[in-house]
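# Fold and contact review
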Amino acid sequence: MKETKVSDKLSQTFATARIWCLLSIVAAHVSYPATFAETFWSRLGTVGVPLFLFMAGYFFVPSRFESVWQLIKKKSLTIGVPWLCLGSLTWLYNAIQSSLFRSVEGYFNWMLGNGSYLYYIPVILLCFLLFYKAPKGVLYLALLINVLSVVLTAAGLLDFAVSFLGINHYLNVFNWLGFFTFGMLVQQVDDEKLLVFLRKTKWASIGLFLLTFIGLLLFQNVPFYYFSYFAIPYELLGGWAILSLSTFSLTKISFFARLSGSSFGIYLVHMIFIGLLDRWLGFFEITRLLLPFVIVAVCFLFFLIGRLFSRRIRLEKAYALVTGIRYLSP
C-alpha cells in the first residue's frame, strides 16, 4: 500500500472530484415526480457513492495505524462523531415531520441507513475494518464478490436474505466493497502516472460517459439503479469521467477548496435542506433541475456561517469535529 504522501496535483484532482460526487448524491435524493429532471438526475445520481468509496480506499493506508483499535479510535472521531451529531439532527427533523420516525427503533434504523441515506457510513466503516492490512489477494477477491452480489441482487436472489436480516440491499456491504478495494489497489500506481493517464484520457472518458448517459436518457424503460445489471460498468465509467474532468482542478480556488472540505458535513445534513427548499423551488421543472446545485450551495453557506460563529466563541476545533469539516488549502 502507498506509504508516501499523495502529490498536491493529484490531491487537488480528488478534492475536485468530491464536489461532483456530492452533487450526484444530493441529486439522487431530490424528488422529481414525473419530470425530465427525474430521469436526468437519476442517471447521474448513482455515480457519487461508488466514487466516494473508491477515493476512501485510495487514501486508506492501514500501516499508519499501529493497531485496529487505533484505527477505530481515529474513525470514531473523524466519522463517528459527525455521524452521531448531524445524523441525529436529520432524524430529529424527520421525526418532527413524520410520526414514522418517532421511536427508538426508528432512530437506530435511520442512523444505520436501514431505510435512510446514511447507509454509506456503516458501509465505509465496515470496509475500513474488513480490509485493515488485508493481503492483495483478498482485495482482488472483493472485486469479484462485489460483482456477484450486485448481479444476484439485480436478479432478486438476495431478497430473502436481506429480508431475513431485517435490512435493505443498501446495507449489504458486498454490494459496495469492491469499489473500496479497487481504490486500495490503484494506490500502487505512481501518482504522476495516474495523473497523466487521467489527463490523456479525459476527452475519451467524458465522451464515452456522455454517450452512455444520453443512451440511458433515450431508453428510459431500461431498468437502472444502484443494483441493476448495468450499474457497475456505468458507475466505473462515471467515476473515470469525473476524475478526468477533475484534472481541471476547481479547488485551486479558495471557495471550491472549502466546499470540498465541507463535503462530508453537507452529505450528512443535505436531506434537511432538501425538505426545506423543495417547498420553494419545486414548483417548476427548471428549478427542480437546478435544485441539487442550490442545496449544496445553501448547505455550504450554513456551515460557513457556523464556522464564523464558532471562531468568534473560540470553539472552531469542536465545530470541525462535530461537522466533519476539513479545511483544504487551495
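Each remark here, short or long, concerns the structure printed above.
Ring pairs (aromatic) are described by centroid distance and by the angle formed between their planes. Taken as a whole, this structure holds 32 aromatic pairs when the rule is applied. Judged by centre distance (6.3 Å) and plane angle (15°), the rings of F209 and F213 are stacked. Here F209 and its partner F213 are both found in helix α11 (residues 202-218), 4 residues apart, which amounts to about one turn of the helix. When its relative accessible area of 7% is taken as the criterion, F213 is described as buried. Geometrically, the ring pair formed by F264 and Y267 is stacked, given 6.4 Å between the ring centres and 15° between the ring planes. Residue F264 and its partner Y267 are both found in helix α14 (residues 263-281); the two are separated by 3 residues, about one turn of the helix.

Applying the stated rule across the entire model yields 2 salt bridges. For R307, the salt bridge goes to E316, with nearest N and O atoms at 2.8 Å. Here R307 falls in the buried class, since its relative accessible area comes to 12%. Put simply, E316 and R311 hold a salt bridge, and the shortest N to O gap is 3.7 Å. The partly exposed category is assigned to R311, whose relative accessible area is 42%.

Now for empty space enclosed by the protein. Counted under the stated rule, the structure contains 1 cavity of 30 Å³ or more. Lining the largest cavity, in full, are R258, S262, F300, F303, L304, R307, I325 and Y327. When residues in the lining of the largest cavity are grouped by element, the largest group, 4 residues, is from helix α15 (residues 285-312).

With that settled, the discussion passes to the layout of surface pockets. Roughly 430 Å³ of internal volume is contained in the second largest pocket. As for the second largest pocket, its lining consists of 22 residues, of which A28, H29, S116, Y117 and M271 are closest to the centre. At 3 residues, α14 tops the list of elements feeding residues into the lining of the second largest pocket. In the lining of the second largest pocket, the residues fall into 11 nonpolar, 11 polar and no charged.

It is worth spelling out the nonpolar core at this point. Ranked by internal contacts, the top residues of the largest apolar core, which has 94 residues, are F131, F180, Y267 and I295. The element best represented in this core is helix α1 (residues 8-29), accounting for 10 residues. If we ignore the near neighbours within four places in the chain, the residues touching F180 are L53, A56, G57, F60, I124, C127, F128 and F131.

Here we come to the environment of L243. By the secondary structure assignment, L243 is in helix α12 (residues 231-245). Here the alpha-carbon distance between L243 and F219, two residues 24 residues apart in the chain, equals 26 Å. Discounting chain neighbours no more than four positions away, the residues touching L243 are T13, F14, A17, L51, F54 and L198.

Okay, the packing of helix α4 (residues 68-97) against helix α16 (residues 316-323) next. The contact between α4 and α16 brings their axes to 6 Å, and the two run at 80°. Taken as axis vectors, α4 and α16 run roughly perpendicular relative to one another. In contact with L77, V81, P82, C85 and L86 of α4, α16 contributes L321, V322 and T323.

So, about a nonpolar patch on the surface. Taken together, the side chains of L141, L144, I145 and F174 make up a nonpolar region of the molecular surface, amounting to roughly 380 Å² of accessible area. Inspection of the secondary structure puts F174 in the loop between α8 (159-165) and α9 (177-186). Classification of F174 as partly exposed rests on a relative accessible area of 41%.

Another aspect to go through is α9. Extensive coverage of α9 is indicated by the burial of 9 of its 10 residues. Restricting attention to buried positions, one finds in α9 the residues L177, G178, F179, F180, T181, G183, M184, L185 and V186. Those residues of α9 that are buried are in contact with α3 (48-58), α6 (120-130), α7 (136-154), α10 (191-200) and α12.

Following the sequence through the fold, S116 ends up in the loop between α5 (104-112) and α6. The exposure class of S116 is buried, given its relative accessible area of 10%. Within the structure, S116 has its side chain in polar contact with the backbone oxygen of W110 (distance 2.6 Å). When neighbours within four sequence positions are excluded, S116 is seen to be in contact with N109 and W110.

Taking 1.5 Å as the rise per residue, α12 with 15 residues should run 21 Å; its terminal C-alpha atoms sit 21 Å apart, in good agreement. The element α12 is largely enclosed, with a buried count of 11 among its 15 residues. Taken together, the buried positions of α12 are A231, I232, Y234, E235, L237, G238, G239, A241, I242, L243 and S244.

Procedures and definitions
- Residues numbered from 1 in each chain as written.
- Predicted model: local features only at pLDDT ≥ 70, side-chain atom pairs only at ≥ 80, totals over all residues.
- Heavy atoms only, no water.
- Phe/Tyr/Trp six-rings, centres within 6.5 Å; stacked < 30°, edge-to-face > 60°.
- Helix = DSSP H or I, 4+ residues; strand = E, 2+ residues; numbered from the N terminus.
- Buried < 20%, exposed > 50% of the residue type's maximum accessible area, 1.4 Å probe, protein only.
- Salt bridge = Lys/Arg side-chain N within 4 Å of Asp/Glu carboxyl O.
- 1 Å grid on protein atoms, 1.4 Å probe; cavity = no way out; pocket = protein on both sides within 12 Å on 5 of 7 lines; lining within 4 Å.
- Points joined across faces, edges and corners; volume = space filled by probe spheres on them.
- Nonpolar A, V, L, I, M, F, W, Y, C, P; charged D, E, K, R; others polar.
- Core = buried A, V, L, I, M, F, W, Y, C linked by side-chain atoms within 4.5 Å.
- Contact = heavy atoms within 4.5 Å.
- Axes fitted to C-alpha atoms, helices over the stretch in contact; angles between N-to-C directions.
- Parallel < 35°, antiparallel > 145°, perpendicular 65-115°, else oblique.
- Patch = residues over 30% accessible without salt bridge, like charges linked within 9 Å, V, L, I, M, F, W, Y side chains within 5 Å.
- Areas by Shrake-Rupley, 256 points an atom, 1.4 Å probe, with all protein chains shown as cover.
- Polar contact = N/O pair within 3.5 Å; in protein donor to acceptor, adjacent residues only side chain to side chain.
- Expected span 1.5 Å × (residues − 1).

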